[in-house]
Amino acid sequence: MSSVAQSWTIQRRVLGALLMREILTRYGRHNIGFLWLFAEPMLFTLGVTALWSIAKLHQLSSIPIVAFAVTGYSSVLLWRSMPTRCITAIEPNLPLLYHRNVRLLDVFLARIALEAVGTTISFVGLVLIFWGIEWLDFPENVLKVAGAWLMLGWFGASLALFLGGLAGTSELVEKLWHPAAYLLFPLSGAAFLVTGLPPAAQDAVLLLPMVHGVEYLRDGYFGSLITTRYDIGYMAAWNAALTIAGLLRIRAISEKVRPE
Amino acid sequence: MIRMTGIQKAYPTGSGPVTVLDGVDLTIAPGETIGILGRNGAGKSTLVRIIGGAESPDAGEIKRGMSVSWPLAFGGGFQSSLTGLDNLRFICRVYGVDPEACLPFVYDFTELGVYLKEPVRTYSSGMRARLAFATSMVVDFDCYLVDEIVAVGDSRFQTKCHEELFVKRADRALIIVSHDPGFVRNHCQKAHVLRDGKLHHFDSVDQAFEYYSEYMA
């Protein structure tokens, strides 16, 4: 067996083991167990959808509120949950770093993968359920929606690597992330369409990378119903920069992190 | 063969960096049993973590030509909110061993019974030691790193460890870290003394023992 194939086998084993370990400590074997993986984001999205429907937020735009809320809030969960899980990833996993093949990066990747799977099942599941009971229409362009979902997932993963790496040496990251995530939510494009804003505000809000992802997603979902503004190249540049910075940071701190 | 040359390691502390290992050389041949003696805080555990690859040295080189276990110590290696069995399964998956196949051995060796299904954080240090030892026996390594863990268990545990390590795995390399020279004397072919960041090599265990006794006096 070549050494690349060998490394790949080890890598797969380690990530699989870490995924199981994360599922067990997070969801345990009680009540519905690992089903919480997507039940939790579903409940979040359902709650927000109900609130937005009651608040008649849809009067701000011409599009159906249920689909608007599901696309918006699922996007937020996708890019927000990965960093939230990664900034607290090191401490509880320190004893496992005792095993030479378990690397800090693997710990982050396992948590990112778990969040990606959970929020994706939640999003797809809700769309299918609501479509089944005719509360929303099927996306106009499924490929575009999938592409946008991947871009938002990449954004979340790259931000998670970057902040997770920074959190390894600074407790400030954890303190600042929660208010930052809270403040970014209303600006992230989840609860508005960019073209519904005044022109000056449009340009300002388009500085945020996730806004492009949400707009792209809604372009795929609603297509002809709405006008969207996004630049996927701009978002990709952000994602790539965060990924590289994150990987460099993690490499730098893995020398310093002492297994418990 | 494991070959370490010029290993240096310092840790940052509130009062500046403290050098723990200052140019350590060590070679371990297949099947060799080596004891490493040193006082509390001499850097024995750090050395073993570096051999096992849990930590990397600041400078120096380490070449591992055989598979090396993780350091069998009191802490480390287990995630404390997982049960003993889930920790065992995690480690088996990481090292590519079928977890279910080794359950009979682990139940028998650890004698932990129902406690294997309880979180490791509820274990006493003796129970942790038994689980750690049994888990590492399940994975087939060329070289085992034993950090104090055997010397402290009760006599029944020590007898079982002896059987597993020195009888069934007599052909494997073994690095035993201890501040108890008696244990090293009884079990090792060679011994080295770690003092002030340097590893002092001796040809025979008796010479190492003599040096260590003088140094402790």
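Residues numbered from 1 in each chain as written. Chains lettered and ligands numbered in written order. Predicted model: local features only at pLDDT ≥ 70, side-chain atom pairs only at ≥ 80, totals over all residues. Heavy atoms only, no water.

### A short note on the overall build of chain A
Along its length, chain A carries ten helices and zero strands. The helix and strand sequence of chain A, counted from the amino end, reads α-α-α-α-α-α-α-α-α-α. Here the C-alpha atoms of chain A give a radius of gyration of 19 Å, agreeing with the 18 Å that 2.2 N^0.38 yields for 260 residues. For the C-alpha atoms alone, the extent of chain A along its principal axes is close to 55 × 45 × 40 Å. When the 260 residues of chain A are sorted by exposure, 48% land in the buried category. Of all intrachain contacts in chain A linking residues separated by at least 6 positions in sequence, the fraction that spans at least 24 positions is 76%. A total accessible area of about 12300 Å² is found for chain A, and carbon and sulfur atoms account for 68% of it. Positive and negative side-chain charges of chain A, numbering 19 and 16 respectively, have mean locations separated by a distance of 9 Å. (Helix = DSSP H or I, 4+ residues; strand = E, 2+ residues; numbered from the N terminus. Rg over C-alpha atoms; globule rule 2.2 N^0.38 Å. Buried < 20%, exposed > 50% of the residue type's maximum accessible area, 1.4 Å probe, protein only. Contact = heavy atoms within 4.5 Å. Areas by Shrake-Rupley, 256 points an atom, 1.4 Å probe, with all protein chains shown as cover. Lys, Arg positive; Asp, Glu negative; His and termini not counted. Charge placed at Lys NZ, Arg CZ, Asp CG, Glu CD.)

### Brief notes about the interface of chain B and chain A
If you look at the interface, chain B gives 30 residues, while chain A gives 22 residues. Buried area between chain B and chain A, summed over both chains or domains, comes out near 2300 Å², and the portion from carbon and sulfur atoms is 55%. On inspection of chain B and its partner chain A, the count reaches zero salt bridges. Linking chain B to chain A there are six residue pairs in polar contact (both at pLDDT 80 or more). (Buried area = accessible area lost by both parts, 1.4 Å probe. Salt bridge = Lys/Arg side-chain N within 4 Å of Asp/Glu carboxyl O. Polar contact = N/O pair within 3.5 Å; in protein donor to acceptor, adjacent residues only side chain to side chain.)

### Digging into the confidence of the model for chain B
On average, residues of chain B score 88 in pLDDT, and 98% of them are at 70 or above. Within chain B, the lowest mean pLDDT, 70, falls on helix α5 (residues 149-152) of chain B, and the highest, 94, falls on helix α2 (residues 84-95) of chain B. (pLDDT = per-residue confidence, 0-100.)

### Comments concerning helix α3 (residues 103-110) of chain B
Residues and elements named next belong to chain B. Those residues of α3 not exposed but buried are Leu-103, Val-106, Phe-109 and Thr-110. Down the axis, α3 shows its buried residues gathered within 140 degrees of arc, on one side only. Exposed and oriented more than 90 degrees from the buried face of α3 are Pro-104 and Asp-108. In the core, the buried residues of α3 are packed alongside α2, α4 (125-138) and α6 (155-168). One or two positions beyond α3, positive phi appears at Glu-111, with a value near 55 degrees. (Arc of directions from axis to C-beta.)

### Considering the pattern of salt bridges
Enumeration according to the criterion identifies 22 salt bridges over all chains in this entry. B:Arg156 serves as the salt-bridge partner of B:Glu111, at 2.7 Å between the closest nitrogen and oxygen. Remark: B:Arg156 occurs in helix α6 and B:Glu111 occurs in the loop between α3 and α4; sequence separation between them is 45 residues. Among the charged side chains, a salt-bridge network with shared partners connects A:Arg21, A:Glu22, A:Arg26, A:Arg85, A:Arg111 and A:Glu115.

### What to know about the packing of aromatic side chains
In the structure shown here, the tally under the stated rule is 20 aromatic pairs over all chains. Each ring, one from A:Trp52 and one from A:Phe68, has its centre 6.1 Å from the other, and the planes form 45 degrees; the classification is tilted. Taken together, the residues A:Trp52 in helix α2 (residues 36-54) and A:Phe68 in helix α3 (residues 65-86) connect sequence positions 16 residues apart. With a relative accessible area of 12%, A:Trp52 lands in the buried category. Ring geometry for A:Trp79 against A:Phe155: centres 6.2 Å apart, planes inclined by 65 degrees, an arrangement best described as edge-to-face. Here A:Phe155 lies in helix α6 (residues 142-167) and A:Trp79 lies in helix α3, a separation of 76 residues in the sequence. Its guanidinium or amino end placed over the ring of B:Phe109, B:Lys160 lies 5.3 Å from that ring's centre, counting from NZ or CZ. Over the aromatic face of B:Phe209 sits the side chain of B:Arg185, whose NZ or CZ is 3.9 Å from the ring centroid. (Phe/Tyr/Trp six-rings, centres within 6.5 Å; stacked < 30°, edge-to-face > 60°. Lys NZ or Arg CZ within 6 Å of the ring centre and 35° of its normal.)

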